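Report on the structure
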Amino acid sequence: MPEQLPKRYDPQTIEARRQAAWRARDAFRTPELTEGQPRKYIKPSAPFTSGNIHIGHVRSYSIGDAYARFTRARGDAVLFSFGFDAFGLPAELGAIASGESPSDWVSRCASHMQGQLERLGFSFDWSRSFLSSDALMYRWSQWLFLMLLDAGLVYQGTGTVDWCETCQTTLATIQVEDGLCWRCHNPVQLIQQTQWYLRISSYVPENDARLEELERSGIWDESSLASQRFVLGRLDGVELDLRAPDGVALTVFTPHADALGEARFIAISPRHPDVEHWVADPAVIEQLEELRSGGLERDLRDAEQIPLIDTGRTLPSPATGEPLPVLISPVVDGRFGATAVLGIPAHDRTDALIAGRLGLQVDNPDEDRDMDVNEDENKGEPPIEDRSSGIGQRPAVRYRANDFSISRQRSWGTPIPIVYCEQCGAVPVPQEQLPVLLPLDLKPTGLGNPLAEREDFVQTVCPGCGGPARRETDTLDCHFDALWLWVPACVPASERERPLEEIFALEDLRQWLPSERLVAGSDSGNFVFDQRIVSKALRDIGPLAFLADGEPFAGCLFHEMVIRDGRKMSKHLGNVVDPDELLAKYGADTVRLATLYAARPQRSLNWSDSAVLRCHRFLAQVWEFSLRALDATPAGDPGEPAKDTTEHLRLKLSTWCAAAVERTTEEMESLEMHSAVRDVMRLFDRLKDFEKRVLARQDALSPADREALIEALGVLIQMLGPFAPHLSEELWIAFGHEADTQTPWPGVSSLTPV
Ligand SMILES: [Zn+2]
Ligand SMILES: [Zn+2]
C-alpha cells in the first residue's frame, strides 16, 4: 500500500503510475466468456487516421469509456475496441502533403493517435484494434463486395463525377472549390463514369419496420432514432393506378391524398422499372439516357435546375379526368425513391417550381404548404377526394433512402475484386484468391490514378478462361469499409487470419454480437443506416444468420460535437482546443471529467475553460480531503464510549450515499454521464458538510464518525472510477483495497479477475 502519497493532487505522477499498472496487468484485455456472465460489446466510433486526436474524440471516448468501466465495475464481461478507418481521401491528401506513401502516413498517424488515447487512459483492448487498410482487414471489404454482388445487391451503373482534365483525375466534392480543381485551379468538368452501386432498396422497408422495436428497447437514444428516420425519409400517402387511353397503366404515389384534384402533372423517376413504357420518341430516349447517367446520386437536387423530360404523353387526372403531362425527372429519386408521383403544385413548393418551369396553369399556389402532408386547416375549397375514391386509392409508403455509388477512381482504397476480360467481361475474383493486394509503395501526387498506371497490378489472368485480363482500378469508397468495421473487434487477434466463413462461425463472435451499445457522433446516421442494411443482407445470405432481427446494435447513443464560442472548431477560425496542451496542464482525469460535466451528450458542448478549472478543483479537493480523512486520528478512547451526539448525522450521510448510488446507477445505465458526474459532485458536498457539522459539535471526529466518513468516501471513489479512473484507483488502493482487480461499483461485492 503506498502510504507516501503526496498530499497535493499531482495528476501527472498518479496517471503515469496507474497507466503503467494497467499495462502490466493487461487490465483491459477482453475476457474469456464464461457461462452466465452478462456481456457487453461497446462499440466506439472508428476514427479516421487524421494524425491527431481532437477534443471531439475525447468527448466521444470519454462517454464510451465511462460506460465500459461502469459495466466492468458491475461484473459484466466487456469488449471495448475499435479499428481505424484508414482508407480514403483524407489519408491520401495527408500523404501527398507530407510526401510519403499513404500506408506509411496512416501507420504513423495511427500509432501517434494510439499514444494519445493511452495517455488519456481509455480502456480500449488494443490487442483487438486494427487499421482498415491492413490487407488482412480489407479482404473483409472484398469478401463483402463479392457476397453482395452474388446476391444482386451490388451492381454496375453510370454516374456523373467531377473531372479535372489537367490532373487526369476525378475529384471529390471537397476537392472542387468554386468549380475549380483544388490542385491546379483549372475548371472542373462533369463526366460520365461507370460506377459500382450498392442496392439498399430491398432492405429499406425492414430498416423502417424495425425502428419501433429499437425505440421500445429503450437503449436507442432520441437523437440516434431521429437520424435513422431522417436517412429513411419515409413518406406516407396513397397510391393509385392510372391508365392512359392506349391502355398503359402507371401506379402513382402522392403524400397529398386530400388534394388529388389539384394534380397538374405526373413525374416518373428515370430508374422506375416501367419507365421504358413512357418513351417512344428517339429524341426522348436519348434525353433519358443522358439523364440516367446523372440522376442516381443520393442527394436532393435543386428543383430549379434539375433535368425534366417531357415524354409528350399524358395520363388522366385521378379526380377530374383532365389529361396530365407525364415527365421523367430525377427530382423524384431524391424525394421519393425510384417511383412515380403526382405533381401537386398547390401543396408542394418543389412541384410548384416544376409547374412554373413547364408553364402550367396553377391556381393559388400556397407557399407555406411546402411538404406538409396532413395540415389542412386553412383550405378555402372543399376537398375533391370523393371523386377519386372510385379509382381505388390505397395507403402507401415511399422512402427517400436510395442506392449509392461505392467506387472511387483513387488509389488509396480497397481494390475491387473484379477483372475485365475480353472474352468473359467483368469477372469476380474467386474468394480463395483474396485478398487482391494493393501495392504499398504507391505515392499519389494528385495526378491521375496511380493504381491504374501500375502494370504489375493491372495485368492479370482471367479466373474464367485463363486468358489475359485487366484488374478493376477503381477502389472502394471508405464508406464501404464502414459496412463491416463494427465486426472485427469481436475476433481475437489470434483468429484473424482464418477464412471469413470460419470467422463468422466463431462462438465468441456470435456471443459478442450484436453490439450492446454504439457510442458515436450525431453525424454517423448514414453509416449506421447502411450498416443496418448490410447486416440484414448478411443475415439472409448466411454469415449473420444468428442475428434474427439483423440489427448490428442493440442500443445506440449519438452525441453532439464540441464547439467553441458557439462555432465549429477549425484551424481557420483559430478556436481549436488542443487535447495535448490540456493534458500537460491538468491531466487526463480532469480533461475527461470536464467533457462529461459540461453538457448532456445530446447537446453541443460549447467549450469553456471554466468547466476544466471547476473539474480540476473538484478532483484536487477529493484527493486532499480523502488523504486527510485517512490520516486523521479519531478523538477519544474507543474503550470509553463518549456521549454519541452525531449518530443522526451518520444516518443522514448513509441515506445520502444510498440515494446517490441509486440515482447515479440509473444515469450510468442510460449514459446520462452529465447528470451522473453532477450527482457525484453533489455527494462530495454532502461529505464535506457532514464533516463540518460533526466538527461544529465536537473537537474531532469520533471513531464512528471517521468510519462513516471513510465508508462514504469509498462509495464516492467507486463512483468516480468511470470518469476519473486514475485518481479513483489510486485512492481505492490508499483506502486499503486490492489493486490487481477492477474497482467494483458500490454494492458489487467482489469481481473475480479472469
Ligand atoms: Zn487539376
Ligand atoms: Zn476470361
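Below is a summary of the structure that appears in this document. Keep in mind it's a predicted model, so treat the numbers as computed, not measured. (Residues numbered from 1 in each chain as written. Chains lettered and ligands numbered in written order. Predicted model: local features only at pLDDT ≥ 70, side-chain atom pairs only at ≥ 80, totals over all residues. Heavy atoms only, no water.)

1. Brief notes about the nonpolar core
The nonpolar side chains of a soluble globular protein tend to be buried with one another. Quick note on the threshold: By nonpolar core is meant a set of buried Ala, Val, Leu, Ile, Met, Phe, Trp, Tyr and Cys residues that side-chain atoms within 4.5 Å join together. Classification of residues uses two cut-offs on accessible area relative to the type maximum, computed with a 1.4 Å probe and protein chains only: under 20% is buried, over 50% is exposed, and between them is partly exposed. Helix numbering and strand numbering both begin at the N terminus, where a helix is a DSSP run of H or I of at least 4 residues and a strand a DSSP run of E of at least 2. Every residue pair with non-hydrogen atoms within 4.5 Å of one another is taken to be in contact.
Ranked by internal contacts, the top residues of the largest apolar core, which has 176 residues, are Phe-145 and Phe-723. Of the residues forming this core, the biggest block, 11 residues, is contributed by helix α20 (residues 609-631). Those residues in contact with Phe-145 that sit more than four places away from it in its chain are Val-154, Trp-196, Ile-406, Ile-416, Pro-417, Ile-418, Leu-476 and Phe-480.

2. Details of the coordination of the zinc ion (ligand 2)
How we decide: Atoms are scored as donors when they are N, O or S and lie within 2.8 Å of the metal, with 3.2 Å used for Na, K and Ca; no water is included, so coordination may look incomplete. Irregular is the default label, applied whenever a site is not tetrahedral (four donors, all angles between 85 and 135 degrees) and neither square planar nor octahedral (four or six donors, opposite donors over 155 degrees apart, all other angles between 65 and 115).
Every protein donor of the zinc ion (ligand 2) is accounted for by Cys-421 (SG), Cys-424 (SG), Cys-462 (SG) and Cys-465 (SG), and the metal-donor separations fall at 2.2 to 2.4 Å. Around the zinc ion (ligand 2), the 4 donor atoms sit at angles spanning 102 to 112°, and that spread fits a shape best called tetrahedral. Between consecutive donor residues of the zinc ion (ligand 2), the sequence gaps follow C-x2-C-x37-C-x2-C. With Cys-424 in the loop between β20 (418-421) and β21 (425-428) and Cys-462 in the loop between β22 (459-461) and β23 (468-471), this pair connects stretches of sequence that are 38 residues apart. Classification of Cys-462 as buried rests on a relative accessible area of 2%.

3. Topic: the coordination of the zinc ion (ligand 1)
Taken together, Cys-164 (SG), Cys-167 (SG), Cys-181 (SG) and Cys-184 (SG) make up the full set of protein donors to the zinc ion (ligand 1), lying 2.2 to 2.4 Å away. Metal-centred angles of 98 to 117° between the 4 donor atoms at the zinc ion (ligand 1) mark the site as tetrahedral. Sequence positions of the donors to the zinc ion (ligand 1) reduce to the motif C-x2-C-x13-C-x2-C. Here Cys-164, found in strand β5 (residues 154-164), pairs with Cys-184, found in the loop between β8 (180-181) and β9 (189-198); they are 20 residues apart in sequence, far enough to count as distant. For Cys-164, a relative accessible area of 0% gives the class buried.

4. Focus: the environment of Glu-502
Tracing the backbone through its elements, the reader meets Glu-502 in helix α15 (residues 500-505). On the accessibility criterion, Glu-502 (37% relative accessible area) is partly exposed. In this structure the C-alpha to C-alpha distance between Glu-502 and Pro-543, which are 41 residues apart in sequence, comes to 9.3 Å.

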